[in-house]
Amino acid sequence: MSALVSTRVLLPSLFFQRTTFLSRISFFNTSTVLLSHVDSKNVPLTLTSLGFKSELVETNNKRQKYKQDVSPIKTSIGEGKPLRSSKSKVVLTKRTLELETPPFASHSFSELGLPPSLLQRLECEGFNVPTDVQSAAIPTILKNHDVVIQSYTGSGKTLAYLLPILSIVGPLRKNSPENSDELGKKMEIEAVIVAPSRELGMQIVREVEKLLGPAEKRAVQQLVGGANRSRQEEALKKNKPSIVVGTPGRIAEISAAGKLHTHNCRFLVLDEVDELLSFNFREDMHRILEHVGRRSSLGQNAGRALKGPLEKRVERQTIMVSATVPFSVIRAARSWGNNPLLVQSQKIIPLEAATPSGPLNISNPIARSSESPSSQDEAPAVSLPPSLKHYYCISKLQHKVDTLRRCIHALDANSVIAFMNNTKQLKDAVFKLEARGIKALELHGDLGKLARSTALKKFKSGEVRVLVTNELSARGLDVAECDLVVNLDLPTDSVHYAHRAGRTGRLGRKGMVVSLCEESEVFVVKKMQKQLGVVITGCDFVEGKLSVIGEERHT
Ligand SMILES: Nc1ncnc2c1ncn2[C@@H]1O[C@H](COP(=O)(O)OP(=O)(O)OP(=O)(O)O)[C@@H](O)[C@H]1O
């Protein structure tokens with residue numbers, strides 16, 4: 001207890017010191033160690049006690065930039081009502097999300113072979129240091145390798161593929177288009193990025209637009225389902241984008257209609273590749289894989305000559321990405337790509353060397369040692385952010401929403417994603433939360449496009465405290481402020497658990513995951529714990545506090 005108090009007292013002064021990034025990492029590691037000595041039976045565990053701090057500040061609502069050399073990542077989220085009415089200034093609760101295990105590499109972006117125009121844009125947007133996986137993937141992709149990028153949720157995989165692509169295609173590329181006849185004439189799509197949901201597709205588009213800057217943002221075009229197709233086709237014709245980002249159905253549809261010419265495409269990215277392999281996407285993915293970059297007449301500079309029987313052919317570069325890479329993806333990647341490499345944060349190996357019992361689970365030693373060889377066959381290379389804390393709480397079905405309410409209050413969570421499996425029950429949960437005075441909104445595929453984007457916007461801005469959703473939001477959704485994920489229904493398997501859990505604890509921030517289950521489901525939690533290689537601790541919420549049941553193991 002005294003260790004916890006002294007850590008808290010030390011925080012404000014140390015927090016604003018201009019220390020180096022590395023010394024700050026060691027400071028936070030120290031605070032973690034101290035916290036782990038606290039007797040969890042006597043001390044209430046809240047997000048604050050686990051390292052989240054709240055303080056009242058004024059904010060002008062500007063986006064917080066990531067400046068790793070100045071201060072840990074902070075983020076502003078609204079707790080609720082402004083304390084004072086003012087048109088220009090709103091007083092909100094500022095919550096500082098400390099970095100527990102920052103995934104930043106020791107390199108700088110300028111060492112990775114990116115063009116000056118892109119480096120400038122990165123600086124403008126406040127991206128100063130690449131993450132581990134970016135340091136590994138960027139040079140590998142720039143060397144023309146097909147890759148499978150596997151790294152835990154929130155570790156920066158999107159920029160890991162966007163940056164090398166933008167170095168080679170589009171207005172920020174190494175050779176300015178004005179100086180090259182071949183590139184100047186080119187009107188074709190040069191990169192196709194496929195994502196399994198409209199929300200993720202739009203998020204990627206925004207990330208590309210951010211990097212391109214306001215003057216060049218037309219170089220990317222969204223082709224997501226649910227949006228007006230003819231408008232997308234008109235935009236393709238008018239803006240002649242270099243990059244398109246979309247969902248499999250819409251991309252395949254527009255391509256089949258002859259309005260999207262991707263045969264000469266240089267890059268094909270499959271984001272959340274294991275999800276794109278699912279049965280639902282089979283036909284559309286087949287078309288995309290068959291057509292994108294398949295009849296290339298690219299110039300020598302842009303294309304890659306293949307070895308062996310395909311020696312004369314110039315072909316697309318295929319980039320496959322996910323936090324979870326089951327062996328089915330490895331098999332598919334071998335057939336889709338040209339000698340692909342498996343790129344992880346700390347290592348790069350030929351995909352050929354990846355076997356079901358081999359390096360796939362290297363980031364997950366507990367899972368490797370606890371799984372039998374047969375169950376490893378389909379065991380995913382799951383990677384969860386190391387800063388996450390996992391709990392489960394036994395609750396009767398009819399009491400789950402009330403348990404969720406108690407959980408939110410006990411942990412003092414400000415930005416919560418609650419996952420359910422059934423849309424109808426999801427609506428009831430929102431109704432019950434609202435009736436209990438907690439601002440909540442639903443987000444699922446049955447909603448219209450406007451309702452979906454409004455819900456997401458309100459949640460991201462902090463206007464809504466709880467987003468009740470289903471698998472739709474489990475993949476890729478990036479809300480830095482999310483400090484708690486609750487499974488109101490258990491996910492179907494450990495892969496789904498990993499993606500749901502990964503909506504919090506982004507980019508090394510702390511986060512908590514609480515799974516509410518009935519007594520008869522505890523064995524499912526235990527099984528996932530084993531497969532994922534994490535400790536999921538039993539807990540309850542009593543008198544406004546989280547109390548741990550049984551021994552909590554700190555790993
Ligand atoms: N080098 C960096 N510096 C600062 N912020 C970064 C950096 N790289 C990425 N980010 C930010 O980190 C957040 C998480 O990145 P991203 O969404 O790419 O993670 P991810 O690994 O793709 O996660 P998931 O597996 O859940 O899709 C984003 O908000 C992104 O803008």
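Just so it is clear, the structure is predicted and the values come from calculations on it, not from any experiment.

With respect to topology, eight strands assemble into an open sheet ordered β14-β15-β13-β16-β17-β12-β18-β19, the strand pairing being mixed. Either end of the sheet is taken by a strand with one partner, and the two such strands are β14 (440-443) and β19 (545-549). Put simply, the sheet's adjacent strands are angled 30° from each other on average, direction ignored. When strand β13 (residues 416-419) meets strand β16 (residues 484-487), the two strands line up parallel, connected through four bridges. Within β16, the position partnered with V416 by the bridge is L484.

Once that is clear, we can look at the sheet that holds strand β5 (residues 191-194). Strands sit in the order β6-β7-β5-β8-β9-β4-β10-β11 across an open sheet of eight strands; the sheet is mixed. One side of each edge strand has no neighbouring strand; the edge strands of this open sheet are β6 (220-223) and β11 (348-350). Each neighbouring strand pair of the sheet contributes to a mean axis angle of 20°, computed without reference to strand direction. Pairing analysis gives five bridges linking strand β8 (residues 267-271) to strand β9 (residues 317-322), with the strands arranged parallel. Each bridged residue has a counterpart across the sheet, and for L268 the counterpart in β9 is T318.

Time to look at the state of the cysteines. What the rule picks out here adds up to zero disulfides. C393 provides the cysteine sulfur closest to C517, a residue in no disulfide bond, and the two sulfurs are 7.8 Å apart. Its relative accessible area of 0% is what places C517 among the buried residues. Just so you know, C539 is unpaired, no disulfide at all, and the nearest cysteine sulfur is the one on C393, 4.9 Å from it.

Turning next to the site of the ligand. What surrounds the ligand is a group of 24 residues, the closest being V129, K157, T158, D478 and R506. Side-chain polar atom of T158 to an oxygen atom of the ligand: 2.7 Å apart, as the coordinates give it. Taking 640 Å² as the accessible area of the ligand by itself, protein coverage stands at 96%. Among the elements that take part in the shell around the ligand, helix α5 (residues 157-168) stands out by supplying three residues, more than any other. Grouping the constituent residues of the shell around the ligand by class yields nine nonpolar, nine polar and six charged.

With that settled, the discussion passes to the packing of helix α4 (residues 132-142) against α5. Two elements in contact, α4 and α5, have axes whose closest approach is 8 Å; the angle formed by their N-to-C orientations is 30°. Considering the angle they form, α4 stands roughly parallel to α5. Where α4 crosses over α5, the handedness of that crossing is right-handed. For the pair α4 and α5, contact is made by V133, Q134, A137, I138, I141 and L142 and by K157, L159, A160, Y161, L163, P164, S167 and I168, respectively. Residue composition of the contact of α4 with α5, by class: eleven nonpolar, two polar and one charged.

With that out of the way, let us pick up the environment of A256. Checked against the element boundaries, A256 lands in helix α9 (residues 248-256). Under the relative-accessibility criterion, A256 is labelled exposed at 54%. When the C-alpha positions of A256 and L114 are compared, they lie 35 Å apart, and in sequence the two are 142 residues distant.

Below, the discussion takes up the UniProt feature "short sequence motif: Q motif" (unreviewed entry) in the protein chain. UniProt marks residues 107-135 with the feature "short sequence motif: Q motif" (unreviewed entry), using the numbering shown here. Secondary structure over residues 107-135 splits into 45% helix and 0% strand, and the C-alpha atoms at its two ends are 7 Å apart.

Before going further, it helps to spend a moment on the packing of aromatic side chains. Taken as a whole and assessed by the stated rule, the structure comprises zero aromatic pairs. Across from the ring centre of F267, 4.6 Å away, lies the NZ or CZ of R266, which sits over that ring.

Take the environment of T247 next. Note on placement: T247 falls in the loop between β7 (243-246) and α9. Expressed as a C-alpha distance, the spacing of T247 and I193, which sit 54 residues apart in the sequence, is 8.5 Å. With residues near it in sequence (within four places) discarded, T247 still touches V194, A195, P196, S197, R198, L223, V224 and G225.

Turning to the side chain of H444, a few remarks are in order. In this fold, H444 is placed in the loop between β14 and α17 (449-461). A residue is classified by how much of its surface remains accessible, and H444, at 0% relative accessible area, is buried. Excluding residues within four positions of it along the chain, H444 makes contact with T423, L426, K427, R452, N470 and L472.

Another aspect to go through is the pattern of salt bridges. By the definition in use, this model includes 20 salt bridges. For D428, the salt bridge goes to K424, with nearest N and O atoms at 3.4 Å. Of this pair, D428 and K424 both sit in helix α16 (residues 423-435), four residues apart, which is roughly one turn of the helix. Ionic pairing is found between E434 and K439, a salt bridge with its closest N-O pair at 4.0 Å. Take E434: its relative accessible area is 34%, and that puts it in the partly exposed class. Assessed through its relative accessible area of 46%, K439 is described here as partly exposed.

What counts, and at which threshold
- Residues numbered from 1 in each chain as written.
- Predicted model: local features only at pLDDT ≥ 70, side-chain atom pairs only at ≥ 80, totals over all residues.
- Heavy atoms only, no water.
- Pairing = 2+ DSSP bridges.
- Helix = DSSP H or I, 4+ residues; strand = E, 2+ residues; numbered from the N terminus.
- Axes fitted to C-alpha atoms, helices over the stretch in contact; angles between N-to-C directions.
- Disulfide = S-S within 2.5 Å.
- Buried < 20%, exposed > 50% of the residue type's maximum accessible area, 1.4 Å probe, protein only.
- Near = heavy atom within 4 Å.
- Polar contact = N/O pair within 3.5 Å; in protein donor to acceptor, adjacent residues only side chain to side chain.
- Areas by Shrake-Rupley, 256 points an atom, 1.4 Å probe, with all protein chains shown as cover.
- Nonpolar A, V, L, I, M, F, W, Y, C, P; charged D, E, K, R; others polar.
- Parallel < 35°, antiparallel > 145°, perpendicular 65-115°, else oblique.
- Left-handed = near helix turned anticlockwise from the far one by under 90°.
- Contact = heavy atoms within 4.5 Å.
- UniProt positions renumbered as here; feature names shortened; annotations may be inferred.
- Phe/Tyr/Trp six-rings, centres within 6.5 Å; stacked < 30°, edge-to-face > 60°.
- Lys NZ or Arg CZ within 6 Å of the ring centre and 35° of its normal.
- Salt bridge = Lys/Arg side-chain N within 4 Å of Asp/Glu carboxyl O.

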